[in-house]
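The primary structure of each chain is shown beneath.
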Amino acid sequence: CEPPLPAVVSPPLYMGWLSEKSTKSRAPPDGETAVAELRAEMARRGSPIDLPTDDVLRFAKARKLNAVKAADMLQADLEWRQARRVEERRDEPAEDILGKPIAALQQVLPHVCSPGVDKLGRPIIFKHFGGQCSFSRLCPDRESVDRLCEYNWWVNEQYCKRLAALGAEQWVVVIDAKGWQPGLIDRTALRVLKSMADTDADHYPERLGGLVVVNAPASLALVWRIVKTWLDEKTKAKVDIISSSDPKRATERLHGLAAPDQLPEQYAGTAPPLEAWPIWPAKSGLPSKPNGAR
C-alpha cells in the first residue's frame, strides 16, 4: 500500500492576519524563483506549505534566497510556533502571558504601536529604553524573565495584526534612550535583550523596516557594541542612533521618517501625545510637554 501523502502546512494564524491587499505578491522575479525553490524544498522534506507568497519570501530573504537554509529556518519557526501554541495564545490577555499587570511592564519599558504610519505606510512602534528601564526590578526571578520573553512574541503578534490592517509588511521602531545609563545593563537585562533579538530574528524575519534611537547618551555605545553582535548585517544597517546632544538631527530624522501629523507630540509631531509616557525637560532632548505621566 502507498504511504499517505504528507499533510500540507496551512498558513498559521500569524500569517493569516493578512488583508486582501497584503496577500497580493510583491515578489520581484528573483524572489518568485526563491519562493518556488523554498516551497519545493519544504515539499521534498515531507512538509509542503500553503503559505502566502510574501511570508515565504520573508524567510527566503532572511537566508539570502538559499532554499535549503530558508527551509531550515521556516521549519524551525513552524515547530517553535506549535510548541508554544502561538496561534492559540496570541489572543490571550497580555496579563496572562506576562504573569503580572501590564501596567507594571509599562512603568519599566513603556511601549506602544502608535496610530500613525511612516511615509511608506508602515506602523510606527515607540519604546522607551530610558532611565526607568530596570529589567532586574521588573523580573526578580527566572520565571518572570521567561514570562517577559514570552510576552515579546505575544506583542509581536499584535504588531502583525496592525500590519494586516494596513496591508503593510514591515514596521519601524523609535526607541527613546533618555536617561539610560550603563548600570541598567546587568545579567537580567542581557538575557532579556538577547532573547528578544533572537526571537525577532528567527521568527519575525524581514519585519523590521528601520530603527531610530533618539536621546542616546554617549554611554549607549557600550551596549550597542554588545547588541550588534547578535544582529545580521542587514539589520544593523537599519539602525540609526542619534545623540541626546543633537535634538535638531533627531527632529529632522523623524520628520524624514513620517509626516508631523503621524508623530506624537513627544517626538516632534502634532498628533496627540503618547499617554503615560516618561517626560523630560525640553532642553535635554526632543520637545515634550507633560502629559500626566509619572
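Every chain is numbered on its own, with residues counted from 1 as its sequence reads. Where totals are concerned, whole chains, interfaces and linings use all residues; where local detail is concerned, this predicted model gives features only for residues with pLDDT of at least 70, and gives and counts side-chain atom pairs only at 80 or more. The side-chain quantities take in all heavy atoms of the structure and omit both hydrogens and water.

Asker: Can you break down the packing of aromatic side chains residue by residue, with the values?
Answerer: Classification of ring pairs rests on two measures: the distance between centres of Phe, Tyr or Trp rings, Trp counted by its six-membered ring, which must be within 6.5 Å, and the angle between planes, read as stacked under 30 degrees, edge-to-face over 60 and tilted in between. The tally for this structure, following the rule as stated, stands at five aromatic pairs. Aromatic side chains tyrosine 159 and tryptophan 171 sit 5.6 Å apart centroid to centroid with 70° between the ring planes, which places their arrangement in the edge-to-face category. Here the residue tyrosine 159 occupies a position in helix H9 (residues 142-166), and tryptophan 171 occupies one in strand E3 (residues 171-176), the gap between them amounting to twelve residues. One exposure class covers both tyrosine 159 and tryptophan 171, and it is buried. Under the DSSP-based scheme used, a helix requires at least four consecutive residues in state H or I and a strand at least two consecutive residues in state E, with every element numbered from the N terminus. Only protein chains enter the accessibility calculation, which uses a 1.4 Å probe. A residue is then buried if its area is under 20% of the maximum for its type, exposed if over 50%, and partly exposed in between.

Asker: Before we move on, can you summarise the sheet that holds E3 with the specific residues and values?
Answerer: Taken in spatial order, the five strands make up an open sheet running E1-E2-E3-E4-E5, and their pairing is mixed. Two strands in the sheet have a free side with no partner beyond their single neighbour: strand E1 (111-117) and strand E5 (239-243). Adjacent strand axes in the sheet meet at a mean angle of 20° when their direction is disregarded. Any two residues whose heavy atoms approach within 4.5 Å at even a single point are treated as in contact. Interaxial angles span 0 to 180 degrees and are taken between N-to-C directions of axes, which are lines fitted to C-alpha atoms, for helices over the stretch in contact. Packing against the sheet, H9 makes contact with E1, strand E2 (123-128) and E3, and its axis sits at approximately 10° to E1. Of the strands in this sheet, E3, strand E4 (208-216) and E5 touch helix H13 (residues 247-257), which is tilted by about 150° from E5. At least two bridges found by DSSP between two strands is the condition for calling them paired.

Asker: Describe the pairing of E4, with residues and values.
Answerer: Buried residues dominate E4, accounting for eight of its nine residues. A crossover counts as right-handed when, viewed with the strands pointing away from the observer, the path leading from the first strand over the helix to the second turns clockwise. The parallel pair E3 and E4 is bridged by helix H10 (residues 187-203), and the resulting crossover is right-handed. Note: E4 against E5, four bridges, orientation parallel. Across the sheet, residue alanine 216 finds its bridge partner in E5, namely serine 243.

Asker: Describe the pattern of salt bridges, and please don't skip the residues or the numbers.
Answerer: Between Lys or Arg on one side and Asp or Glu on the other, a salt bridge is scored when a side-chain nitrogen of the former is within 4 Å of a carboxyl oxygen of the latter. Under the defined criterion, the tally for this structure stands at 20 salt bridges. Note that glutamate 150 and arginine 84 form a salt bridge whose closest N and O atoms lie 3.5 Å from each other. Residue glutamate 150 is found in helix H9, and its partner arginine 84 is found in helix H4 (residues 67-84); the two are separated by 66 residues along the sequence. For arginine 253, the salt bridge goes to aspartate 240, with nearest N and O atoms at 2.9 Å. Linking arginine 253 in helix H13 with aspartate 240 in strand E5, this pair joins segments that are 13 residues apart in sequence. A single salt-bridge network, built from bridges that share partners, covers Asp77, Arg81, Glu87, Arg90 and Glu157.

Asker: Account for the environment of alanine 36, with residues named and values stated.
Answerer: Positionally, alanine 36 belongs in helix H2 (residues 29-44). Expressed as a C-alpha distance, the spacing of alanine 36 and leucine 57, which sit 21 residues apart in the sequence, is 9.4 Å.

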